[in-house]
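# Survey of secondary and tertiary structure
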Amino acid sequence: MRVRVLTFVGPFAVAVALALVAPAAGQAPKKYNPPKTPWGDPDLQGVWNDATSTPLQRPTNVGEKGVLSDEEAEDFQKSLAHDLTRDRRDGGNAADVNRAYNEHWMDARRLKITADKRTSLIVEPADGRIPALVTLPPERERVRASRAAAAARFAAGLPENYTDMSWPVRCVVRTDVPPYLPTIYNNNFQIFQSPGYVTIAPEMIHSARIIPVDGRPHLNKRLRQWLGDSRGRWEGSTLVVETTNFKPEEGVLFLGANPATYTITERFTRVAADAINYEFTVTDPTTWSKPWTALIPWNKVDPGEQMFEYACHEDNFDIVHFLTGARVREKNGETAAQPARNEPR
Amino acid sequence: MQLRRSIAFLGVAGTVAFIWLAVPSLVGQQRPAAGPQFPAGYRSARAADGHPDLNGIWQAMVTANWDLEDHEAQPGPHPELNGAYGAGPAGQSIVEGGEIPYKPEALARRKANFENRLKVDVSEDKTWHALGDPELKCYLPGVPRATYMPFPFQIVQGTNPYILMAYEFTSATRIIRMDWKQNAPTDSWMGWSRGRWEGDTLVVDVTGQREETWFDRAGNYHSDALHVVERYTPASPYHMMYEATIEDPNVFTRPWKISFPLYRRMEKNLQLLEFKCVPFTEELLFGKFRKPGAR
């Protein structure tokens, strides 16, 4: 009897011990009790920023290391920052002016790796990389190839039509489609809470994801949205959000996942007064051989630094410049321009 | 002389006004007040912060998005193709006194706006915004237009110094910063909104709006000197009165007011959906720059 109890407790104890030696990356060592709203929900309100230079997938040059030593981390951060920054002097005067112009509206926070010194935002699978693709049916391969060809025309400075450009370039959606991934600027998210709702307003593009946390059912499957349809629930002090009903347009979902089988679960946990762990798991058995999970730290922005409207479509001069430029290049018989966009995204 | 004539005139006018006022007051004793009334002395439910709870999905029922002033029903842009689809409903003015007090020299621009409301030309950056109703192009609508477009909006009111207003039209949002000192850092499409409570009324002061937004499809417009003060006052569990005072000395002779009720949307499990209209405008705006023969 006594022995049986021990066998039961055994694996549990091992799990607890493991959790103690290796706390999930990004988590505060001591359990933090977040403040509560007057109606009793954990309080996640504030303006948060998710910028980091830590790449989504582990780069090949760091081997299998998931977490770096202080010294390695310094080198890793330096080398990433060198590639990302425009505040460097190795390109001559013209490059210097171009870079300076671009630098001022970029987020300086994007030059630092995560405080826990990870080599990838992906924490599962353990190799820090997006799992292998499954074999796609010919129709999806065809759509992917056509999207890739359009992207190549755009990158060569020869878009044939506005449809050759991505949804972000067309100002339809940007970093507001979950999962939220860091980019070069406007990495701010403001969280609002009211009884029965958690609302996340990503700075780019001025949308609000108003998430019911009152147990109501999802929208009918036929009603699909660019940002999907989100439902939240509290698990302890973690907000768990499941999102479905994404629109089927190619390129809306990350890496061309299949909206019919794709699910995303996001977990928001306030781990300190000034930090949220944002963790998401995507599952799509008709696209990836297994689910994958990433963890991105969100840092609270100084209250003096406010979100500001990011209008996009209203002054999207770029789209006309790209197209008229391409028409001129065609007239001149050019086959490819300098890459129009060489910024990492 | 001049003065005496004015006094004499006032005397006559005063007498006429007295008689005219006297007539309805005599008749009025037999007739109830015109139209439905909100419950007198309504006290709103309270939010956690002790102020009126404005949380919910709201919508205006007026047709001011077609024209703030009185307007008859009108056919859509291409009735030969679309029949009654896209036609505009008739509506009564929401402007106090009926008409917007334009400066005489500002009226030509309204007329031109209306005539050019369906045209666009984005081939030059400098004249990008010269033609067309911003709504036609799916631009952020600005304030107060966002409030009376024929789409719902949601108020998210928590306990921090922010109230979020999220509009279904083009997923527009604006943050109302309560008791906030800082001025607009620069102009924006939805403006810089600072709020305060005056009793049970949420008063929102909106500055820093881009000059390119319009008030309606009739071409009513403003300059970058636009200053809007909105008042949201709960009037029943299902209604708020909305009032906006609009001031712009470049275009109008004096501040003027609009007002109408907002209705709480009561459908079960209702949620704000997406009206992301950018893809609906791309062919109109950018189609002409396509490679000949390309799809």
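On a predicted model such as this, the values are computed, not experimentally measured, just so you know. (Residues numbered from 1 in each chain as written. Chains lettered and ligands numbered in written order. Predicted model: local features only at pLDDT ≥ 70, side-chain atom pairs only at ≥ 80, totals over all residues.)

## A short note on the overall build of chain A
Secondary structure assignment for chain A yields five helices and ten strands. A total of 345 residues make up chain A; the buried ones form 31% of that total. (Helix = DSSP H or I, 4+ residues; strand = E, 2+ residues; numbered from the N terminus. Buried ≥ 20, exposed ≤ 12 C-beta atoms within 10 Å, placed from the backbone.)

## Section: the domain arrangement of chain A
Residues and elements named next belong to chain A. Domain boundaries assigned for chain A yield domain 1 (36–52 + 122–345) and domain 2 (53–120). The distance between the C-alpha centroids of domain 1 and domain 2 comes to 22 Å. Opposite the 17 residues of domain 1 that make contact, domain 2 presents 18 residues. (Domains from an automatic or database assignment. Contact = placed C-beta atoms within 7 Å.)

## A word on the interface of chain A and chain B
Many descriptions give the size of an interface as the accessible area lost when the pieces come together. With 38 residues of chain A in contact, the opposing surface of chain B contributes 41 residues. Among the elements of the structure, β3 (188–194), β4 (197–202), β5 (209–212) and α5 (317–331) of chain A are those that each provide at least two residues to the side of chain A that touches chain B. Looking at the side of chain A that touches chain B, the element that brings in the most residues is α5 of chain A, giving seven residues. Classifying every residue of the side of chain A that touches chain B by side-chain character gives 20 nonpolar, eleven polar and seven charged. (Nonpolar A, V, L, I, M, F, W, Y, C, P; charged D, E, K, R; others polar.)

## Some thoughts on the sheet that holds strand β9 (residues 256–264) of chain B
All names here are of chain B. Spatial strand order, β1-β2-β3-β4-β5-β6-β7-β8-β9: nine strands in a closed barrel with mixed pairing. Strand-to-strand, the axes of this sheet are offset by a mean angle of 30°, without reference to chain direction. One ladder, built from three bridges, connects strand β1 (residues 56–60) with strand β2 (residues 153–157); its direction is antiparallel. In the strand pairing of β2, Ile57 is matched with Gln154. (Pairing = 2+ DSSP bridges. Axes fitted to C-alpha atoms, helices over the stretch in contact; angles between N-to-C directions.)

## Here's the deal with the nonpolar core
In terms of nonpolar packing, the biggest core is built from 90 residues, with Leu164, Met165 and Ala166 of chain B touching the most fellow members. The element that contributes the greatest number of residues to this core is strand β3 (residues 162–167) of chain B, accounting for six residues. What Leu164 of chain B contacts, discounting residues up to four positions off in sequence, is Phe192, Thr199, Ala201 and Ala208 of chain A together with Val156, Thr173 and Ile175 of chain B. (Core = buried A, V, L, I, M, F, W, Y, C linked by C-beta atoms within 7 Å.)

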